[in-house]
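What follows is each chain in one-letter form.
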Amino acid sequence: MKPGDVVQRLTSGNLWWRDPTDWASRDVQLRAAATAGYTYEPGVLSSVPRGGLVLLRGPRRVGKSVELKRFAQRVLGSGEPPRAVIHAAVDGWRASDLRSLVEVGKRLAPPGTVHRWWLVDEICGVPGWAAEIKNLRDNDPEFATDTVVLTGSNARDLAQATSALAGRRGDVARPDRTILPMGFRTFVTLMLAARDQAPPATPRLAGADLRSAHAAQVFHELIAWESELTAWWEIYLQVGGFPQAVSAQLGGDDPAPVVQALFDVVQRDIFGSAQMSEPQVAALLARIASNIASPMNTSTVATDVAVSHDTGARRVADLVTSYVLWTCPAGADQRPVLRSQAKRYFTDPLLARLAHLRNPAVPNPDVTRLTEQQLGMALLRAAEAATSGIYPGFDQVLYERTKTRKEIDFVGPLLDPVAIEAKYTDTGRWQGEAATVDASPYAGVLATRGVLDTSSVSPANAWAVPASLLAFSIDV
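These lines cover the structure that appears in this document, whether it is placed above or below.

What counts as what
- Along each chain, residue indices are assigned from 1 in the same order as the chain's sequence is written.
- Reporting in this predicted model follows two pLDDT cut-offs: at least 70 for local features of residues, and 80 or more for side-chain atom pairs to be given and counted; totals over whole chains, interfaces and linings ignore these cut-offs and use all residues.
- Only hydrogens and water are set aside when side-chain values are computed; all heavy atoms of the structure are taken into account.
- Counting from the N terminus, the helices are DSSP H or I runs at least four residues long and the strands are E runs at least two residues long.
- Only the C-alpha atoms count toward the radius of gyration. The rule for a globule is 2.2 Å times the residue count to the power 0.38.
- Burial here depends on accessible area, computed with a 1.4 Å probe over protein chains only, as a share of the maximum for the residue type. Under 20% is buried, over 50% is exposed, and the range in between is partly exposed.
- Should any heavy atoms of two residues lie within 4.5 Å, those residues are counted as being in contact.
- The Shrake-Rupley method, run with a 1.4 Å probe sphere, supplies the accessible areas, and residue values consider only the shown protein chains as cover.
- Just so you know, the count uses Lys and Arg for positive and Asp and Glu for negative, and it drops His and the chain ends.
- All charge positions are set by atom: Lys at NZ, Arg at CZ, Asp at CG, Glu at CD.
- Geometry of aromatic contacts follows a simple scheme: Phe, Tyr and Trp rings, the Trp one being its six-membered ring, pair when their centres are within 6.5 Å, and the pair is stacked under 30 degrees between planes, edge-to-face over 60, tilted otherwise.
- Placement of a charge over a ring requires the Lys NZ or Arg CZ to be within 6 Å of the ring centre, with the centre-to-atom vector within 35 degrees of the ring normal.
- What makes two strands pair is DSSP finding at least two bridges between them.
- Between the N-to-C directions of two axes lies an angle of 0 to 180 degrees, each axis being a line fitted to C-alpha atoms and, for a helix, fitted only over the stretch in contact.

### Some details on the overall build of the chain
1) Next: Across its full length, the chain holds 20 helices and 14 strands.
2) Next: Relative to a compact globule of 476 residues, whose C-alpha radius of gyration would be 23 Å, the chain shows 23 Å and is just as compact.
3) Next: Principal axes of the C-alpha set define a box for the chain whose edges measure 75 × 50 × 45 Å.
4) Next: A total of 476 residues make up the chain; the buried ones form 55% of that total.
5) Next: Taking as baseline every contact in the chain between residues at least 6 positions apart, the subset at least 24 positions apart corresponds to 72%.
6) Next: By element, 50% of the accessible surface of the chain is carried by carbon and sulfur atoms, the whole surface being about 19300 Å².
7) Next: Across the chain, the centroid of the 49 positively charged side chains sits 5 Å from that of the 50 negatively charged ones.

In structure tokens, the structure reads:
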């Protein structure tokens, strides 16, 4: 890319350079967020220190670009010169173009500028970007002390960059941040706000405290909301937490455009170079969705969708690194057992339902399996909220196979000494569903549809808690 091309992109894309006062009303992304029918600001770019280098991770279509523009608003609102704030969407650029970006951006900044704010969107679309950014931080004295925020959608690429950029991130407490589809607690809050209602005011619970006296008190306060929360839970399992899907739900709009956009992300952005046809991609998604809650044999998946074993394994790995799937490893002694088959869940219900929504002949994922998936995601979101950047490690939420070859849905460091089983039963005879977790060394919580029973004082006997109450208490 020629320097003149970079100039053109910057002058046309940084609207605040020409109109520092009213630019946000004409920005496509901020204008869409303003007309979404709700106000949702995850706050993942709060407290970015001057001179820090922050990586913002997450799936495409989750709102990273909007958060980057909101960050620009805050920086400009603090009095920084407009041309000291430099935004560029760089998907498809070359590494050398990043150096041109920095050179042109410095040249276009006002004379006497001592600090710049570089906001670079979809950096993972630039091959070799980490080495170039490292080189710039090492050898450009001005860029070395500037504030840099980079967004990306490839967890593996970003994890490798974290090592490459070690020592070049500045004095930043949370250098790696993750934005995920909104959780159930936020979803309920937005849905009720649209009706001028307030959500339950109960506090959030840590996973390890789910069998405490405090947790029992919270669950019993929430039981007054059980019917409403369960209704919202079952809607959430259909809609999910992508901002555009939530907006469509609130407006009563056809979700088909959102479904197609997410499918295009998988086929074009994630699998683009793999040359998989739409039917092949749909078949792969449908096959993975049918496997929710079970350990995944990628060779079997590949055979079922008529691709080579190597191709099947690579495509599943691509979906994990692109935040479409998350990994739940088998565990022992609160640590992943790396050579055991892992479970793979979708990060959002809408992703799990893509194949069905595009072709109703494909079965819709079972509500119990979706409940299990989203309870696991609630735990992962809670872990990320507590320890920024921990999400891609997939070592906090595990499943465990007992000596009798049965599986406990969720254990791990985040939950110890608690284990969660999702059965979504709606009968009083739920104790039989808890037999596996009751026989384990864990204090069990059985996620039901509408049964609440916290009467047991012994860890050997599980509690029953409605999944909606459990998710609302864990999630963010």
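### Thoughts on the packing of aromatic side chains
Centre-to-centre distance and the angle between the planes together describe a pair of aromatic rings.
1) Next: Tallied over the entire structure, the rule returns 13 aromatic pairs.
2) Next: Between the aromatic rings of Trp16 and Trp23, the centroid separation amounts to 4.7 Å while the plane-to-plane angle is 65 degrees, which identifies the pairing as edge-to-face.
3) Next: Taking relative accessible area as the criterion, Trp16 reaches 0% and is therefore assigned buried.
4) Next: Consider the rings of Trp233 and Tyr236, whose centres lie 5.9 Å apart with planes at 35 degrees: the pair is tilted. Taken together, the residues span about one helical turn, with Trp233 and Tyr236 both in helix H10 (residues 226-239) at a distance of 3 residues.
5) Next: Since its relative accessible area comes to 0%, Tyr236 is described here as buried.
6) Next: Chaining the aromatic ring pairs together yields one cluster made of Phe184, Phe187, Trp232, Trp233 and Tyr236.
7) Next: Lying over the aromatic face of Phe143, Arg137 brings its terminal NZ or CZ to 5.9 Å of the ring centre.
8) Next: Over the face of the ring belonging to Tyr399 we find Lys343, whose NZ or CZ atom lies 4.7 Å from the ring centre.

### Topic: the sheet that holds strand S3 (residues 117-121)
1) Next: Ordered by their spatial adjacency, 5 strands build an open sheet running S2-S3-S4-S1-S5, and the pairing between neighbours is parallel. If you trace the sheet from one side to the other, it starts and ends with strand S2 (85-89) and strand S5 (176-178), each paired once. Going from strand to strand, the sheet's axes swing by 15 degrees on average, the running direction of each strand aside.
2) Next: Bridge count for strand S1 (residues 53-57) against strand S4 (residues 147-152) is 5 bridges, and the pairing is parallel. Looking at the pairing, Leu56 lines up with Thr151 of S4.
3) Next: Across the face of the sheet, helix H3 (residues 64-77) comes into contact with S1, S2, S3 and S4 while running at roughly 165 degrees to S3.

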